[in-house]
Amino acid sequence: MEPMKNISCACTACEIQHKAARRQQTVHPPFIWAVIVLSVLLWILIYRQLNPFADFVTYTILKLPIKSPMGESVRFFFYDTPKVMMLLTLIVYGVGVLRSFFTPEHTRKILAGKRESVGNILAATLGIATPFCSCSAVPLFIGFVTAGVPLGVTFSFLIAAPMVNEVALVLLYGLLGWKVAILYLITGLLIAIIAGWTFGRLKLENHIEDWVREMRINTSEVPDERLTWTERFDHGKAAVKDIVGKVWIYVVAGIAVGACIHGYVPEGFMTSIMGKGAWWSVPAAVVIGIPMYSNAAGIVPVIHALLGKGAALGTVLAFMMSVIALSLPEIIILRKVLKPRLIGTFIAVVGSGILFVGYLFNIII
Amino acid sequence: MINIKVLGPGCSKCIETEKIVKNALKEAGVDASVEKVSDFQEIAKHGVFSTPAVVIDGEIKCAGKVPGRKVALDWLK
């Protein structure tokens with residue numbers, strides 16, 4: 001048995017070395033660039049055929065009557081699903097490559113010792129670009145606070161990071177157009193900046209759990225690495241595999257629900273409940289959104305369909321922000337480092353920001 | 001014996017990291033103790049604030065991402 005094991009071990013090692021050598025020989029940077037350019041061109045070509053494709057599937061293959069609720073729903077589904085998935089793949093890849101230029105360690109270095117207002121703006125912006133797993137919100141919080149990043153600035157980061165993300169923006173762009181996507185980006189950032197700044201003013205530092213404040217972190221540095229372009233593109237690929245692999249099911253489910261609403265719910269049905277006239281609908285949307293935990297991928301298609309039935313944009317956006325920025329699981333995790341009063345203030349400040357955005361949109365649009 | 005710690009609260013990425021480290025150990029034929037650290041206080045004590053992270057004999061090898069198989073093998077050499 002023993003010798004056998006050794007032989008197989010040696011073989012695997014050989015194989016790895018061979019593979020590594022082969023990769024280094026064959027994958028030249030110019031080659032990769034060519035592949036990328038070609039893929040993007042191919043992407044554009046396919047993307048432009050989506051409308052005829054949806055028509056073909058709905059009316060030619062499935063032979064559904066034009067203008068019937070069933071036909072409308074099915075066409076909606078076969079147009080929006082590939083469109084959103086394609087947009088998602090492209091953007092997530094791009095953002096994955098971009099994010100390889102940022103690390104939480106760098107971000108912390110940039111933010112440590114920054115003055116409040118400038119720090120809040122920087123933190124919110126970096127919140128979009130810095131890659132971090134949502135479950136490391138607590139370690140990140142500790143890391144920031146102990147490194148001397150002001151509490152308010154840390155909050156700007158933690159609010160912006162989940163709320164303004166590439167998946168939300170892609171879906172808003174794909175389903176509701178670029179104007180709504182930009183509005184969402186700007187107001188999301190503003191909420192993070194202003195809420196964080198407000199936190200700074202409230203002087204709540206002693207409402208962080210004691211063990212965090214007493215903690216002296218040994219500043220052992222994480223090895224800084226220089227990445228090659230090949231590795232950055234690999235980051236993009238990994239991001240697509242990770243994010244698209246995780247959210248596609250929500251996208252498809254969301255669009256399916258959206259498609260049913262689109263075809264079967266009567267025009268103007270939502271006007272009385274979620275329309276501009278119903279002033280109470282914005283706070284109701286925020287409150288309902290808190291215990292709901294979904295990602296942007298599942299919620300935007302539903303929102304898209306609701307809008308078509310007379311729901312007001314502000315109300316709907318407030319609902320979406322509340323669902324993804326104020327989630328119960330996140331609050332429970334944050335409770336480990338924040339005392340109840342600070343958690344309460346967090347919900348109140350971010351919630352008011354979302355309320356404000358909801359009303360603002362309902363008034364101006 | 002080498003002491004390896006995988007730091008992370010326990011999401012899918014942390015579990016994947018642990019699997020990669022264990023597989024790398026088997027592949028390299030190295031004997032080591034692998035410990036999973038999921039307590040936030042413990043994680044912070046290591047000076048790590050983005051998870052998953054891997055600490056080998058007190059030295060942070062990577063933080064904030066799942067290491068590749070090849071990278072993990074390199075650490076064990």
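Residues numbered from 1 in each chain as written. Chains lettered and ligands numbered in written order. Predicted model: local features only at pLDDT ≥ 70, side-chain atom pairs only at ≥ 80, totals over all residues.

A. Expanded view of the overall build of chain B. Across its full length, chain B carries 3 helices and 4 strands. Moving toward the C terminus, one meets the helices and strands of chain B in the order β-α-β-α-β-β-α. In terms of overall size, chain B behaves like a compact globule, its C-alpha atoms giving a radius of gyration of 11 Å where 77 residues would be expected to give roughly 11 Å. For the C-alpha atoms alone, the extent of chain B along its principal axes is close to 30 × 25 × 15 Å. Relative to its 77 residues, chain B shows a buried fraction of 42%. (Helix = DSSP H or I, 4+ residues; strand = E, 2+ residues; numbered from the N terminus. Rg over C-alpha atoms; globule rule 2.2 N^0.38 Å. Buried ≥ 20, exposed ≤ 12 C-beta atoms within 10 Å, placed from the backbone.)

B. Region of the structure containing the overall build of chain A. Assigned secondary structure in chain A consists of 18 helices and 0 strands. Sorting the 365 residues of chain A into buried and exposed places 40% on the buried side. In chain A, once contacts between residues fewer than 6 apart in sequence are set aside, the share between residues at least 24 apart is 87%. (Contact = placed C-beta atoms within 7 Å.)

C. Representation of the environment of Val251 of chain A. Residue and element names in this part refer to chain A. Among the secondary structure elements, Val251 is positioned in helix α12 (residues 229–264). The exposure class assigned to Val251 is buried, which follows from the 25 C-beta atoms found within 10 Å. Along the primary structure Val251 and Val302 are separated by 51 residues, whereas in three dimensions their C-alpha atoms are 9.8 Å apart.

D. Spatial organisation of the environment of Gly143 of chain A. Structurally, Gly143 of chain A can be placed in helix α7 (residues 137–146). Given 24 C-beta atoms within 10 Å, Gly143 of chain A falls into the buried group. Separated by 39 residues in the primary sequence, Gly143 of chain A and Pro104 of chain A place their C-alpha atoms 9.4 Å from one another. What Gly143 of chain A contacts, discounting residues up to four positions off in sequence, is Arg108 of chain A together with Phe49 of chain B.

E. Broad picture of the pairing of strand β2 (residues 32–37) of chain B. Residues and elements named next belong to chain B. Judged from the 6 bridges that link them, strand β1 (residues 2–7) and β2 form a sheet pairing that is parallel. The partner of Asn3 across the bridge, within β2, is Ser33. With helix α1 (residues 12–28) bridging β1 and its parallel neighbour β2, the resulting β-α-β unit is right-handed. (Pairing = 2+ DSSP bridges. Right-handed = clockwise from strand over helix to strand, strands pointing away.)

F. Quick look at the packing of helix α9 (residues 166–176) of chain A against helix α15 (residues 296–308) of chain A. Residues and elements named next belong to chain A. For the pair α9 and α15, interaxial distance at closest approach is 9 Å and the crossing angle is 20°. It follows that α9 is roughly parallel to α15 by the angle criterion. The interaxial crossing formed by α9 with α15 has right-handed handedness. Residues Val167, Ala168, Leu171, Leu172, Leu175 and Leu176 of α9 touch α15, and the partners they reach there are Ala296, Ala297, Val300, Pro301 and His304. Class assignment of the residues belonging to the contact of α9 with α15 gives a composition of 10 nonpolar, 1 polar and no charged. (Axes fitted to C-alpha atoms, helices over the stretch in contact; angles between N-to-C directions. Parallel < 35°, antiparallel > 145°, perpendicular 65-115°, else oblique. Left-handed = near helix turned anticlockwise from the far one by under 90°. Nonpolar A, V, L, I, M, F, W, Y, C, P; charged D, E, K, R; others polar.)

G. Region of interest: the nonpolar core. Residue and element names in this part refer to chain A. Core analysis: the largest hydrophobic core is formed by 113 residues, its most contacted members being Ile159, Ala160, Ala168, Leu171 and Met320. If you tally residues by element for this core, the top one is helix α10 (residues 178–202), at 10 residues. Not counting the four nearest positions on each side in its chain, Leu171 is found in contact with Val84, Ala296, Ala297 and Val300. (Core = buried A, V, L, I, M, F, W, Y, C linked by C-beta atoms within 7 Å.)

H. Focus on the packing of helix α4 (residues 69–99) of chain A against α9 of chain A. Residues and elements named next belong to chain A. At a closest axis distance of 9 Å, the pairing of α4 and α9 adopts a crossing angle of 140°. The orientation of α4 relative to α9 falls into the category oblique. The two elements α4 and α9 cross, and the hand of that crossing is right-handed. Residue-level inspection shows Asp80, Lys83, Val84, Leu87, Leu88, Ile91, Val92 and Val95 of α4 in contact with α9, the latter providing Glu166, Val167, Val170, Leu171, Tyr173, Gly174 and Leu175. Counted by class, the contact of α4 with α9 contains 11 nonpolar, 1 polar and 3 charged residues.

I. Focus on the sheet that holds strand β3 (residues 53–56) of chain B. Residues and elements named next belong to chain B. Sheet architecture is open: 4 strands sit in the order β2-β1-β3-β4, paired in mixed fashion. Pairing within the sheet leaves two strands with one partner each, and these edge strands are β2 and β4 (59–63). Geometrically, the sheet is characterised by an average inter-axis angle of 20° between neighbouring strands, direction not taken into account. Each of β1, β2 and β3 touches α1; the most contacted strand, β1, lies at about 160° to it.

J. Structural view of unusual backbone geometry. The omega torsion of the bond from Thr51 of chain B to Pro52 of chain B falls at 0°, within 30 degrees of zero and hence cis. Structurally, Pro52 of chain B is set in the loop between α2 (40–45) and β3. The backbone of Lys63 of chain A sits at a positive phi, close to 55°, despite the residue not being glycine. Tracing the backbone shows Lys63 of chain A in the loop between α3 (50–61) and α4. With 8 C-beta atoms packed within 10 Å, Lys63 of chain A lands in the exposed category. Look at Asp57 of chain B: it is not a glycine, yet its phi comes out positive at around 50°. Take Asp57 of chain B: it is sitting in the loop between β3 and β4.

K. Region of the structure containing the confidence of the model for chain A. Per-chain confidence: chain A averages 82 in pLDDT, with 88% of residues scoring 70 or above. In the model, residues 1–26 of chain A has pLDDT below 50 throughout and makes 3 contacts with residues more than four positions away in sequence or in other chains. (pLDDT = per-residue confidence, 0-100.)

L. Structural detail: the pairing of β1 of chain B. Of the pairings in the sheet, the one linking β1 of chain B to β3 of chain B comprises 4 bridges and is antiparallel in character. The residue of β3 of chain B that forms the bridge with Lys5 of chain B is Val55 of chain B.

M. Representation of α7 of chain A in the model. Counting buried residues in α7 of chain A gives 10 out of 10 residues, a clear majority hidden from the surface. For α7 of chain A, every residue scored as buried is listed here: Ala137, Val138, Pro139, Leu140, Phe141, Ile142, Gly143, Phe144, Val145 and Thr146 of chain A. In this structure, the buried side of α7 of chain A is in contact with α5 (104–111), α8 (151–163), α11 (210–214) and α17 (328–334) of chain A together with α2 of chain B. With its phi angle positive at about 90°, Gly148 of chain A sits one or two positions after the end of α7 of chain A.

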